[in-house]
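Below, each chain spelled out in residue letters.
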Amino acid sequence: MSTKTHIFLTGATGYIGGSVLQRLLEHPKAQSFEITTLVRNPDKAKLLETFGVKPVIGSHSDTDKLEALAKEANVVFAVADADDLEAAKAILSAQKKRHAETGEVPILIHTASPRVISDNAAGMFASDVVYSDLDIDMIEALKPSQPHRWVDIFVSNEGKQGYARTHIILPSTIYGIAEGVLFDKGVSNPHSVQVPALIKSSWDRQQGGMVGQGKNIWPCVHIEEIADLYITLFDAATANPNTPNGREGYYFGESDHYLMYDVAKAVAKTLVELGRGKSEEPTTFTKEEMQKYFGGVCFSAYLGSNSRCKAERSRAIGWKTTKTVKDLLASVKPETEAL
């Protein structure tokens, strides 16, 4: 008798969540999955039903609903909001109850970000500090005040208790236009955040822009490859309970690193080619522009920070990447045209 794997996924209408759901629908074992999603939009919920997905209308703020849905699942993919501690508490509370009632140790695959290892370079220098997802002592030395860190600490600490197997994926700058039926039908958002933000602001000011001198370095990964990491981890965790989790459950999503100046220059060059830009040389955003385009300090700090990491644990469980910074730079023109 075949047993169903009950999967609960948040963020199905988003860029990453939609890509992960797309992968689950195409999975060799898809027929054995029962997938439930939490979505705000009733029209998108109806579309999801046509793909055999069970949508429930609601949002992260509906913690009772979140907890009830998570309690029914063998595996939870949390792909909606890396900063929502109450949502993480609701999901893990549900998994604790499931464990108490059934003896099962459910799986959580939680989404965070390498912003947790970012600095305040303001685009003025490159850092030589590189984190590895195998170096847990280095990760645990991060201050709780770092972006997303307070949620990561909670998820990791709960995982240490043994009632759930917690895994934290930290995608880097994700690029590329997401593809597949969920995106074709308008269910999920096909665009990333970081590079499109740079493109949109540069388009408006009619000149490629950067924070400071663009000397900061970030990791990058194509949307298809980060979706692959979620499925590689899902396959590993469902097949082998000893797949690193809890304290060791950190997985960076990094395929290469890029200099922010190079992306800003690619944007500037594209704008010139499209008759929108003045020069192929990017210029520094003024304080007023950073406020106008990015709402001030937080997002502009993100575009000016360093965040360097190695996805060694991710690769150790079988994740493979082939795309490089060249693919990131090549994605700028089609992304600009699409936007």
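Residues numbered from 1 in each chain as written. Predicted model: local features only at pLDDT ≥ 70, side-chain atom pairs only at ≥ 80, totals over all residues. Heavy atoms only, no water.

The chain goes by NAD(P)-binding domain-containing protein in an unreviewed UniProt entry, where it is assigned to Gloeophyllum trabeum.

Draft legend 1. Here's a closer look at unusual backbone geometry. Residues other than glycine seldom take positive phi values, yet A122 does so here, at roughly 50°. When you line up the elements, A122 lands in the loop between β5 (107-111) and β6 (131-132). Taking relative accessible area as the criterion, A122 reaches 40% and is therefore assigned partly exposed. (Helix = DSSP H or I, 4+ residues; strand = E, 2+ residues; numbered from the N terminus. Buried < 20%, exposed > 50% of the residue type's maximum accessible area, 1.4 Å probe, protein only.)

Draft legend 2. Geometry of the pairing of strand β3 (residues 54-57). Two strands pair when backbone bridges link them, and strand β2 (residues 33-39) and β3 are joined in this way by four bridges, in the parallel orientation. Bridging from a neighbouring strand, L38 pairs with V56 of β3. Handedness of the crossover is the feature at issue here: the chain leaves β2, passes through helix α2 (residues 42-49), returns alongside β3, and the resulting connection is right-handed. (Pairing = 2+ DSSP bridges. Right-handed = clockwise from strand over helix to strand, strands pointing away.)

Draft legend 3. Expanded view of the sheet that holds strand β12 (residues 256-259). Taken in spatial order, the three strands make up an open sheet running β8-β10-β12, and their pairing is mixed. At either margin of the open sheet sits one strand with a lone partner, and together these are β8 (173-175) and β12. Between one strand axis and the next, the sheet turns by 45° as a mean value, whatever way the strands run. With three bridges connecting them, β8 and strand β10 (residues 217-222) associate as parallel partners. Following the sheet pairing, Y175 is matched in β10 by H222. Contacting β8 and β10, helix α9 (residues 223-239) runs over the sheet at an angle of about 80° to β10. (Axes fitted to C-alpha atoms, helices over the stretch in contact; angles between N-to-C directions. Contact = heavy atoms within 4.5 Å.)

Draft legend 4. Main features of the environment of Y175. Counting through the fold element by element, Y175 comes out in strand β8. Here Y175 falls in the buried class, since its relative accessible area comes to 1%. Distance in space between the C-alpha atoms of Y175 and C220 is 7.4 Å, their sequence separation being 45 residues. Once you skip the residues sitting within four places of it in the chain, Y175 turns out to touch Y15, C220, V221, H222, I223, K323, T324, D327, L328 and S331. Reaching out from Y175, the side chain makes a polar contact with the backbone oxygen of T324 at a distance of 3.5 Å. (Polar contact = N/O pair within 3.5 Å; in protein donor to acceptor, adjacent residues only side chain to side chain.)

Draft legend 5. Broad picture of the state of the cysteines. Here the structure, examined in full by the defined rule, presents zero disulfides. Here C220 stays free of any disulfide, with the sulfur of C309 as its closest cysteine sulfur at 10.0 Å. Residue classification places C220 among the buried positions, given a relative accessible area of 0%. C309 sits in the buried class, given a relative accessible area of 0%. (Disulfide = S-S within 2.5 Å.)

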